[in-house]
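# A look at the structure
Chain residues, written in single-letter form:
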Amino acid sequence: VEQLLLTPLVTCLHIQILPAENTEAAACALADAFGPFTLTDEAGQPVVYSEMDSMYSMHPAVSCKDGQWLVQYREELPGLQQFPRSIGFSVATGELLRFDLPAAE
């Protein structure tokens, strides 16, 4: 996880996944298997974003950085309407990561 920023105005994330085999074919196969991502709340339901005009795809990109093939998710989305107790990063194969968020005071 390079970046995960959650605010009422913007949600930014940059997650890199390394394929088991360092080849373009392996990275492409992993990107195809994972597909687009969804951020979820503690109940596994998709989070609700603020109503803002923006363009995003939620799909991964495959690239090579310093000789390492990567599957990258890099998005800037609208902010969250409500902040759950935790945020999950889910793809077609299931939830990959979960982050607990500090309680609001």
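First things first, this report covers the structure right here in the doc. None of these values were measured; they are calculated from a predicted model.

The rules behind each value
Residues numbered from 1 in each chain as written. Predicted model: local features only at pLDDT ≥ 70, side-chain atom pairs only at ≥ 80, totals over all residues. Heavy atoms only, no water. Pairing = 2+ DSSP bridges. Helix = DSSP H or I, 4+ residues; strand = E, 2+ residues; numbered from the N terminus. Axes fitted to C-alpha atoms, helices over the stretch in contact; angles between N-to-C directions. Contact = heavy atoms within 4.5 Å. Core = buried A, V, L, I, M, F, W, Y, C linked by side-chain atoms within 4.5 Å. Buried < 20%, exposed > 50% of the residue type's maximum accessible area, 1.4 Å probe, protein only. Arc of directions from axis to C-beta.

## Concerning the sheet that holds strand 4 (residues 61–65)
In spatial order, the strands read 1-2-5-4; together these four strands make up an open sheet with antiparallel pairing. Pairing within the sheet leaves two strands with one partner each, and these edge strands are strand 1 (3–6) and strand 4. Here the strands of the sheet are splayed against their neighbours by 25 degrees on average, with no regard to which way each runs. Relative to strand 5 (residues 68–78), strand 2 (residues 10–17) runs antiparallel, the two sharing eight bridges. Opposite I17, over in strand 5, you have V71 as the bridge partner. Across the sheet, helix 1 (residues 24–34) touches strand 2, strand 4 and strand 5, and the angle it forms with strand 5 is around 35 degrees.

## So, the nonpolar core
One finds F37, L39, Y73 and F89 to be the most contacted residues of the largest nonpolar core, which totals 21 residues. Looking at this core, the elements that each hand over two or more residues are strand 2, helix 1, strand 5 and strand 6 (86–91).

## Digging into helix 1
Where helix 1 is concerned, the buried positions are A26, A27, L30, A31 and F34. Down the axis of helix 1, the smallest arc covering the buried residues is 135 degrees, so these residues share one side. In helix 1, the exposed residues that point more than 90 degrees away from the buried face are A25 and D32. Residues of helix 1 that are buried in the fold lie against strand 2, strand 4, strand 5, strand 6 and strand 7 (94–100). Downstream of helix 1 by a residue or two, G35 has a phi angle that is positive, lying close to 65 degrees.

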